[in-house]
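The chain contents come next:
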Amino acid sequence: MKRTVPLIITALGGFVLIVAYFIPATQNWGEVAAIWFDILASIAFVLGGGNLIRIHLKKVSNKGAGWGYSLITIVAFLATLVVGLGKIGVHPSALYPNFPLSGEYRELGSPFWWLYEYAFKPLTATMFAMLAFYIASAAFRAFRAKNIEAILLLSTAFIILLGRTFAGVFLTSWMPDFLSGLRIENLTIYIMSVFNTAGNRAIMIGIALGIASTSLKVLLGVDRSYLGTGEK
Amino acid sequence: MFEFFKNLDRRWIFLLMFISVSIPIYIVGKTGKTFPEVPTILSEETFRAIEELNEGDPVLLSFDFDPASEGELGPMATAFTYHCASKGLKLYFMALWPVGPQMIDDVIEKVIKPDFPHMEYGIDYVNIGFKPGNEGVIKVIVTDLRQLYTTDDKGTNIDKIPMMADIHSVQDFELVMNISAGYAGTKEWVQYAVTPYPDKIKLVAGCTGVQAPLLYPYIPDQLPGLLGAIKGAAEYEKLVVDKYAGETPDPKYLEGRRRMGPQLVAHLLIILLIILANVIYFGEKRREVR
C-alpha cells in the first residue's frame, strides 16, 4: 500500500500531463494537474523547513562537526520565520485598518525588511562575489596547455574573455573590413552562436531522449528508485 | 622567483583580484567615465522587440533572480523597466523566485517612483508577486492567470485592479521579459510558455553569464533577444539611454557600463594568470628533460 498509492499517483499525474499536451480537448486536465503540483510545491516549503530544523537539531544535540553553524542556522531560520509570519512591526493595511495582520510582511523598516536588507542581501551577494576570487585561483591551477584539446579550450577561453570586454574591440579594431570576421568581438559571437549552439543542441536532444526514456520507466512503474528502499 | 610562482599561495591571487576589481570601481566612481559599448545583434533584437510595441501595450516582467545575482542582473532589470516606462507600456511584474518581489520593489523605488511619478499603481503598473511552483506556475498562468493569482502582491483582489481587467493569461501580454539567474527562469519560460504557444507569446530575456551558453540553442525562434550577463546589460543600456535618457543620463542608468570596467581588468588578470601558469608548466617540463 505504501508503495502502490505513490505509484498510482505518479502514473496518473504523468499520463494526464502527456495526454493533455497532445490532445487539445483534454487541456484543462493538464491545468488541474499543474495546479495540484503548485499546491504541493507550497506544502513542500513546510516540509523543507521541517526537515531543515530536524537535521540541524540532530547535529546540535549530537555536537557533530560544525554544530555551531547549525545552531546559527536554526536561530536565523526561526527568527526570520517568526518576524515574517507574525508580521512583527508591520502596520495594518490602509484598506483593512482593523486587521493587524493585513499589512505587508516586508514593509519598509519592519524587522523582516531589516533582516532581508542587512543580513540576507549582503550575505548572498558576498557569496556570489567570492566566485571571482575562486575562478581566478582555479584558472591559475587548472588551465594547462597539455594537449590539442586543452589548447583549443584555452584559445576559446581567451577569445571569450577578451570578447566580453572592451579589450576585444580595442585589440583588433585596426583590422580592415574584409577581415572584420576575425575581430575578437565577432569571433566571440561566432563561437557562441555556432560551436556553442551546435554542441548545446546536441547535448539537449540527448538529455531530452534520456528524460523521455527515464520518465516512461517511472510512469510505468519499472523504475521505483524514487520511492526509496522502504527501510527505516 | 620561479619557485615562488610555482608554489604561488592563492592568497596572492585573491589580493590581485581584489586590487584589479577595486581600482576600476574607484576610478569609474570618481570620474564617471565608462568604456564605449558596441551593441551586438542580440541586444539590438531585445531593444527592437520593445521598440515595436505601442503605448499602452501590456508587458509581463518576470524577475526570477535574487540579491546574489543583483550585481549582474540588476542593471538589466533597471534598463528594462526604464525602457518600458519610457514607451508608456503597461507593466505587470511577477516572480518565480521567493525574493523576486524584493527585486521588483527595488526597481519600482529606483525607476518608476522617482522618474515616472505620473504612473499609477494598478493602472500603469502592478506587482502580482511570487507564487511557488517554478515551471508549474508558468504552466498554469499560460492559459489561466486567475487560477493562481487571485490577489496582487499587496493582497488586493485582482478583479479590483483596473489594469488586470483584460488580462486572463500570459497569452494576453504583447511581450514577456524575463530576468533569470537560474532555475526557474528563461529556460522554463521558453519550454512551458513560448514553445506551446509560439504565435501568441513572445519572449526576450536577460540572464547570468553561466546561463547564456545554455540559452543560445533557443535563438532566434523561441528567444529572439537575449542579454547575456553584464556585457549584454551594458549594450542594451546604451541603446536605451541613447534614445530616451538625453545627454546627461542619471548614473543609475549607466550601471551596466560602469560595471564593465572591473570586468575588463578581472578578465585580463585571469588571462595573465593562465599564461603565467603555463609558462611555469612548460619551464618545469624543460627542467625535467634536462
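Calculation criteria
- Residues numbered from 1 in each chain as written.
- Chains lettered and ligands numbered in written order.
- Predicted model: local features only at pLDDT ≥ 70, side-chain atom pairs only at ≥ 80, totals over all residues.
- Heavy atoms only, no water.
- Domains from an automatic or database assignment.
- Helix = DSSP H or I, 4+ residues; strand = E, 2+ residues; numbered from the N terminus.
- Buried < 20%, exposed > 50% of the residue type's maximum accessible area, 1.4 Å probe, protein only.
- Contact = heavy atoms within 4.5 Å.
- Pairing = 2+ DSSP bridges.
- Disulfide = S-S within 2.5 Å.
- Expected span 1.5 Å × (residues − 1).
- Buried area = accessible area lost by both parts, 1.4 Å probe.
- Salt bridge = Lys/Arg side-chain N within 4 Å of Asp/Glu carboxyl O.
- Phe/Tyr/Trp six-rings, centres within 6.5 Å; stacked < 30°, edge-to-face > 60°.
- Lys NZ or Arg CZ within 6 Å of the ring centre and 35° of its normal.
- Axes fitted to C-alpha atoms, helices over the stretch in contact; angles between N-to-C directions.
- Parallel < 35°, antiparallel > 145°, perpendicular 65-115°, else oblique.
- Left-handed = near helix turned anticlockwise from the far one by under 90°.
- Nonpolar A, V, L, I, M, F, W, Y, C, P; charged D, E, K, R; others polar.
- Core = buried A, V, L, I, M, F, W, Y, C linked by side-chain atoms within 4.5 Å.

Draft legend 1. Representation of the domain arrangement of chain B in the model. For chain B, the assigned domains read domain 1 (2-32 + 261-289) and domain 2 (41-249). Distance between the C-alpha centres of domain 1 of chain B and domain 2 of chain B: 37 Å.

Draft legend 2. Region of the structure containing the side chain of Ser62(B). Residues and elements named next belong to chain B. You can see Ser62 is positioned in strand β1 (residues 58-64). By relative accessible area, which is 0% here, Ser62 ends up buried. With residues up to four places along the chain from it excluded, the contact list for Ser62 reads Met94, Ala95, Leu96, Met177, Asn178, Ile179 and Trp189.

Draft legend 3. Main features of the pairing of strand β6 (residues 225-228) of chain B. All names here are of chain B. What you see with β6 is no split at all: Gly225 and Leu227 on one side and Leu226 and Gly228 on the other are buried throughout. Where strand β5 (residues 203-207) and β6 come together, four bridges link them in parallel fashion. Residue pairing across strands places Val204 opposite Gly225, the latter belonging to β6.

Draft legend 4. Expanded view of the state of the cysteines. Residues and elements named next belong to chain B. The tally for this structure, following the rule as stated, stands at zero disulfides over all chains. The thiol sulfur of Cys84 is not disulfide-bonded, and the nearest other cysteine sulfur, from Cys207, lies at 18 Å. Given the relative accessible area of 0%, Cys84 is considered buried.

Draft legend 5. Structural view of helix α3 (residues 67-85) of chain A. Residues and elements named next belong to chain A. With 19 residues, α3 extends 27 Å from end C-alpha to end C-alpha; this agrees with the ideal 27 Å at 1.5 Å per step. Listing the buried residues of α3 in full gives Ser70, Ile74, Val83 and Gly84. Those residues of α3 hidden inside the fold are in contact with α2 (27-62) and α4 (111-142).

Draft legend 6. Structural view of the environment of Gly86(A). Residues and elements named next belong to chain A. Locating Gly86 in the fold gives a position in the loop between α3 and α4. Note on Gly86: relative accessible area 34%, which makes it partly exposed. When near neighbours in sequence (up to four residues on either side) are disregarded, Gly86 contacts Leu81 and Leu101.

Draft legend 7. Representation of the interface of chain A and chain B within the structure. Each side of the interface is counted separately: chain A has 51 residues, and chain B has 63 residues. In total, about 5,100 Å² of surface goes out of reach between chain A and chain B, with carbon and sulfur atoms giving 69% of it. When residues of chain A are sorted by the area they lose upon contact with chain B, Arg106(A), Phe140(A) and Arg164(A) head the list and together hold 14% of the total. At the boundary of chain A and chain B, one finds three salt bridges. Linking Asp106(B) and Lys121(A) is a salt bridge whose minimum nitrogen-to-oxygen distance equals 3.7 Å. Elements with a contribution of two residues or more to the side of chain A that touches chain B: α2, α4, α5 (148-163), α6 (166-172) and α7 (184-219) of chain A.

Draft legend 8. Representation of helix α1 (residues 4-22) of chain A in the model. All names here are of chain A. Helix length check: α1, at 19 residues, gives a terminal C-alpha distance of 27 Å against a target of 27 Å (1.5 Å per residue), a fit within 8%. Among all positions in α1, only Leu7, Ala11, Gly14 and Ala20 are buried. The inward-facing, buried residues of α1 contact α2 and α7.

Draft legend 9. Highlighting the packing of aromatic side chains. Per the stated rule, a full pass over the model turns up 22 aromatic pairs over all chains. Aromatic pair Trp114(A) and Tyr118(A): ring centres 5.5 Å apart, planes at 55 degrees, arrangement tilted. Note that Trp114(A) and Tyr118(A) are positioned in helix α4 at a spacing of four residues, about one turn of the helix. Pairing Tyr116(A) with Phe120(A) gives two aromatic rings, centres 5.9 Å apart and planes at 25 degrees, and the pair type is stacked. Placement of both Tyr116(A) and Phe120(A) in helix α4 is noted, with a separation of four residues, approximately one turn of the helix. Looking at Tyr116(A), the relative accessible area reads 5%, which means it is buried. An aromatic cluster of at least three residues, connected via ring pairs, comprises Trp113(A), Trp114(A) and Tyr118(A). For the cation-ring pair, Lys63(A) lies above Trp67(A), with the distance from its terminal atom to the ring centre recorded as 5.1 Å. It is Lys154(B) that lies over the ring of Tyr121(B); its NZ or CZ is 4.1 Å from the centre.

Draft legend 10. Representation of the packing of helix α4 (residues 70-87) of chain B against helix α9 (residues 229-244) of chain B within the structure. Residues and elements named next belong to chain B. One can describe the packing of α4 onto α9 by two numbers: an axis separation of 9 Å at closest approach and a directional angle of 25 degrees. Accordingly, the angle class assigned to the pair α4 and α9 is roughly parallel. In this structure, α4 meets α9 at a crossing whose hand is left-handed. In contact with Gly71, Glu72, Pro75, Met76, Ala79, Phe80, Tyr82, His83, Ser86 and Lys87 of α4, α9 contributes Ala229, Ile230, Ala233, Tyr236, Glu237, Val240 and Tyr244. Grouping the constituent residues of the contact of α4 with α9 by class yields 11 nonpolar, three polar and three charged.

Draft legend 11. Spatial organisation of the nonpolar core. Residues Met94(B), Ile141(B), Tyr149(B), Met164(B), Val170(B), Trp189(B) and Leu226(B) are the most contacted members of the largest nonpolar core, which totals 45 residues. Mapped onto this core, the elements with two or more residues apiece are α2 and α7 of chain A together with β2 (90-95), β3 (125-130), α6 (135-141), α7 (186-194), β5 and α8 (212-215) of chain B. Apart from the residues within four sequence positions on either side, Met164(B) is in contact with Tyr92(B), Val126(B), Ile128(B), Leu145(B), Arg146(B) and Ile158(B). Among the nonpolar cores identified, the runner-up in size contains 44 residues, and Tyr82(B), Leu89(B), Val111(B) and Met119(B) belong to it.

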